[in-house]
Amino acid sequence: MNRNWMISQGRKRMAFVGVILFTLLFSLFTSCSVSYKFNGASIDYAKTKTIQIAEFPIRATYIWAPMGPMFNNELKSQFTDHTRLQLVKRNGDLKLEGEITRYDQRNKGVSSEGHSSMVELSMTVNVRFTNNAKHSDDFEQQFTANSSYESTQSLSAVQDELVEEMVKNICEQIFNAAVANW
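Reading the values: rules and limits
Residues numbered from 1 in each chain as written. Predicted model: local features only at pLDDT ≥ 70, side-chain atom pairs only at ≥ 80, totals over all residues. Heavy atoms only, no water. Core = buried A, V, L, I, M, F, W, Y, C linked by side-chain atoms within 4.5 Å. Buried < 20%, exposed > 50% of the residue type's maximum accessible area, 1.4 Å probe, protein only. Helix = DSSP H or I, 4+ residues; strand = E, 2+ residues; numbered from the N terminus. Contact = heavy atoms within 4.5 Å. Pairing = 2+ DSSP bridges.

S.K.: Would you take a moment to explain the nonpolar core for this structure?
M.R.: The nonpolar side chains of a soluble globular protein tend to be buried, and buried together. Counting residues in each nonpolar core, the largest one holds 37 residues, and the members touching the most others are Phe71, Leu75, Phe79, Leu96, Tyr103 and Met123. Breaking this core down by element, the ones donating at least two residues are β1 (50-53), α2 (67-82), β3 (94-110), β4 (116-131), β5 (139-150) and α3 (155-180). For phenylalanine 71, the contacting residues outside a window of four places in its chain are Phe56, Ile100, Met123, Val125, Val167, Ile170, Cys171 and Ile174.

Following this line, the structure appears as structure tokens:
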């Protein structure tokens, strides 16, 4: 009996120690958390705190009116959502300005009957970037994105979706060129 009682007490102690150890580890892991967020931006926030993004007017021959506000809003969102930069109206540490210079479509594919089967929609934006903390990073560059659709569809049926896709693509390209420094 004495031996069984000792074994029972030993098991209780081990269980008690296990509960204590589990509680300590659980407390340690829940109270201490390490957070790492990778967004591709390499910004020295000690020197660079603000960004000024001008409205990009449409200077293309063909104009679809919603494209301008769609582009301007997405570009601002790209920088405010993925960096700690504060958007300002003037005197920004970083400055983006430019214009939408091209928006057009062309036949991309031909069917076996000799008719157009695919149409490619294209958008180009000219960007001037100024880094007032480090002027060696300044640039002027054109960014282009393309999207295709079947010629059996009308442009008006697919335009919203395709332009949104191209706008996101171009804004990501601009973001990477301006602050990712890859």
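S.K.: Help me understand the pairing of β1 in this model?
M.R.: Remember that side chains alternate between the two faces of the sheet whenever the strand is regular. Here β1 shows a buried face lined by Thr50 and Gln52 and a second buried face lined by Ile51 and Ile53. The pairing of β1 with β3 spans three bridges and is parallel. In the sheet register, isoleucine 53 faces β3, and the bridge partner there is leucine 96.

S.K.: Help me out: how do you make sense of unusual backbone geometry in this one?
M.R.: Negative phi is the rule for most residues except glycine; trans is the rule for most peptide bonds. Phi is positive for asparagine 91, which is not a glycine, with a value near 60 degrees. Its location among the elements puts asparagine 91 in the loop between β2 (86-88) and β3. Judged by relative accessible area, which is 67%, asparagine 91 ranks as exposed.

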